[in-house]
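Each chain, written out:
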Amino acid sequence: MHLVGADISLLRAALETPPAPPYACSHGVPLECALRHLATIGRWTAVRLRLFVDPSAGEEQLPNDLPYTLAAAADANAAGLGVVLALHYSDTWADPGQQTVPAAWAAEAAAAADEAAAAAEADDEQADIDSCRRDATVATLTARVRAYTTEVVDAFVEAGIRLVGVQVGNEVRNGLLWPSGQLFDMMCAADTPADDDGCDGIEANPSTPEGAPGGVAALDAVAAYLLAGAEGVRASTAPPDTPLILHLDRGDCLPIVAGTLRPLAARQALSPFDILGFSYHPKHHPGGLAALSDTLSTVARDYSKDVVLMEVCFPYTGAEWEPDAEKWAWPVTPDGQAGFVRDVVEVVRSVGRGGDYQELEGEGVPVDCDCKAEEGGGAGVEGDSGGGRRGHGVGVFWWQPEAVDGYGLGSVWEGGRYSLFRCDGVALPAAAAFADARAEEVGDGHGDEEGDGEEGRACRVCPCGGPMDVEAA
């Protein structure tokens, strides 16, 4: 796999905001460069960096504007890592729960909509004013997406940043640039606990967004926005083979993924993309490893595109705050977190490589979910399905490995329980588990193959000189 690393979008801010977390290796030796340490012990190849349009316009004062992200990208390149640029097309977080149009773009689109409505009403009193306003909004935002994408990608190229991918939108399963691009929020059987009658919740074969009120128009808009983003990258000075990534969330539920991809494929909106990315957070995506494997393998086969997990994470502590922890395949401990890393990387690595992931007895058991493809259905659709080549699993990115609670950044997400560093800044076993999970790969450019495998794992040493233990201290 050639895209292995983490989203380190807050690392530079954590280091620049005193007091900085006291990052240290697993032996407690202070680190001169936390990023280089993680990359070395985990055999990382790249990092993911999110970019907001104008975070100063949002309620939450986030650092991820263009100058900050360029500096973070330069840090990554200096550590020998490529950069995947994650364009959010928002002033703040963009995910299935919110996809807010940047404030400046919203004002521009509103003005265009008002102008179009006034012109239509003056020309024809019977005109469909709502449609005129919508068409003007979508046209304006489409143009802004295209121009903005070219502008920021050019900025990274001009700064000498080595881009190894551009992600167009973030977790766009429910669309982007709401409300014009808002899609129907599909549900999965694993999301609803079984009731008293033993029902596994709602059907695991949800209606597609196209069937929802206004769904056709919303999908048309989403397709236009995604295509505009792809066109923006290709119009930039980035190398023409820079991979384009489309990112959804529910890697654990094939019916939901298919319900999003099929109508987009019918609009040729998947054609420009080289990689289909997904998220897998067991707390929010309870389908299990078997369902994750099924989703990734089916999508890679049906669309002939490589797949990557753009966000994965698992807590190393705080089981008492996880009501479903007893159902998970891994304990909420440092060693459990490391086991999660190895298992998830193995799932991704198996995609398209001579057979799908096979569960070990008692591991990765799905939670009340039959998140499989419809019988005979798969995920593809005529018109934009695969052309014969089967895609492969090409990468995994951890989510916020740098988050340590209580230092310069104050309270961090989930109290830092999903970090690759303990609350005292010491590196956790999961940080090295990325390398252990990839140990049997050959020709990966990371040194002597004889040092791989179980014996090689025992011989590996920390940069401080101590043994690279994967067990928690």
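Just above, that's the structure.
Residues numbered from 1 in each chain as written. Predicted model: local features only at pLDDT ≥ 70, side-chain atom pairs only at ≥ 80, totals over all residues. Heavy atoms only, no water.

Draft legend 1. Spotlight on the packing of helix H8 (residues 289-303) against helix H9 (residues 334-350). Running from N to C, H8 and H9 point in directions that differ by 25 degrees, and their axes come no closer than 9 Å. Taken together, H8 and H9 sit at an angle that is classed as roughly parallel. The crossing of H8 and H9 is right-handed. Contacts from Leu289, Leu292, Ser293 and Leu296 in H8 reach Asp343, Val344, Val347 and Val348 in H9. Its residues placed into classes, the contact of H8 with H9 shows six nonpolar, one polar and one charged. (Axes fitted to C-alpha atoms, helices over the stretch in contact; angles between N-to-C directions. Helix = DSSP H or I, 4+ residues; strand = E, 2+ residues; numbered from the N terminus. Parallel < 35°, antiparallel > 145°, perpendicular 65-115°, else oblique. Left-handed = near helix turned anticlockwise from the far one by under 90°. Contact = heavy atoms within 4.5 Å. Nonpolar A, V, L, I, M, F, W, Y, C, P; charged D, E, K, R; others polar.)

Draft legend 2. The packing of helix H3 (residues 66-78) against helix H5 (residues 129-158), seen in detail. Running from amino to carboxyl end, H3 crosses H5 at an angle of 40 degrees, the nearest separation of the two axes being 10 Å. As the angle between them shows, H3 and H5 are arranged oblique. H3 and H5 meet at a crossing whose hand is right-handed. Along its contact with H3, which presents Leu66, Thr69, Leu70 and Ala73, the element H5 presents Val152, Ala155 and Phe156.

Draft legend 3. Quick peek at the environment of Pro213. With respect to the secondary-structure elements, Pro213 resides in the loop between strand E4 (163-168) and helix H6 (215-234). Once the C-alpha coordinates of Pro213 and Leu183 are considered, the two residues, 30 residues apart in sequence, prove to be 9.6 Å apart.

Draft legend 4. Fine view of the sheet that holds strand E1 (residues 3-7). Pairing is parallel in the closed barrel, where eight strands are placed in the order E1-E2-E3-E4-E5-E6-E7-E8. Sheet twist, expressed as the mean angle between neighbouring strand axes with direction ignored, is 30 degrees. In this sheet, strand E8 (residues 393-399) lies alongside strand E7 (residues 306-312) in parallel orientation, the contact comprising four bridges. Bridging across to E8, Leu309 finds its partner in Val396. (Pairing = 2+ DSSP bridges.)

Draft legend 5. Layout of the side chain of Thr242. Take Thr242: it is sitting in the loop between H6 and strand E5 (244-250). By relative accessible area, which is 2% here, Thr242 ends up buried. A distance of 2.8 Å separates a polar side-chain atom of Thr242 from the backbone oxygen of Pro239. With residues up to four places along the chain from it excluded, the contact list for Thr242 reads Gly165, Val166, Arg234 and Asp274. (Buried < 20%, exposed > 50% of the residue type's maximum accessible area, 1.4 Å probe, protein only. Polar contact = N/O pair within 3.5 Å; in protein donor to acceptor, adjacent residues only side chain to side chain.)

Draft legend 6. Representation of the nonpolar core within the structure. Membership of the largest hydrophobic core comes to 107 residues, with the highest contact counts inside it found for Trp44 and Trp398. Ranked by size, the runner-up nonpolar core spans ten residues in total, among them Leu3, Ile245, Val308 and Met310. (Core = buried A, V, L, I, M, F, W, Y, C linked by side-chain atoms within 4.5 Å.)

Draft legend 7. Fine view of unusual backbone geometry. The step from Pro18 to Pro19 runs through a cis peptide bond, and the omega angle for that step is -5 degrees. By the secondary structure assignment, Pro19 is in the loop between helix H1 (11-16) and helix H2 (34-42). That bond from Trp178 to Pro179 is cis: its omega, 5 degrees, falls within 30 degrees of zero. By the secondary structure assignment, Pro179 is in the loop between E4 and H6. Residues other than glycine seldom take positive phi values, yet Gln268 does so here, at roughly 60 degrees. As for its position among the elements, Gln268 is in the loop between helix H7 (254-266) and strand E6 (275-280). In this structure Gln268 comes out as partly exposed when scored by relative accessible area, which is 37%.

Draft legend 8. Fine view of the pattern of salt bridges. This structure, assessed with the given rule, holds 21 salt bridges. Among the salt bridges present, the one from Arg250 reaches Asp252, with a minimum N-O distance of 2.7 Å. For the pair Arg250 and Asp252, one class covers both residues: buried. Overlapping salt bridges, with partners in common, bring together Asp7, Arg48, Arg50 and Glu311 in one network. (Salt bridge = Lys/Arg side-chain N within 4 Å of Asp/Glu carboxyl O.)

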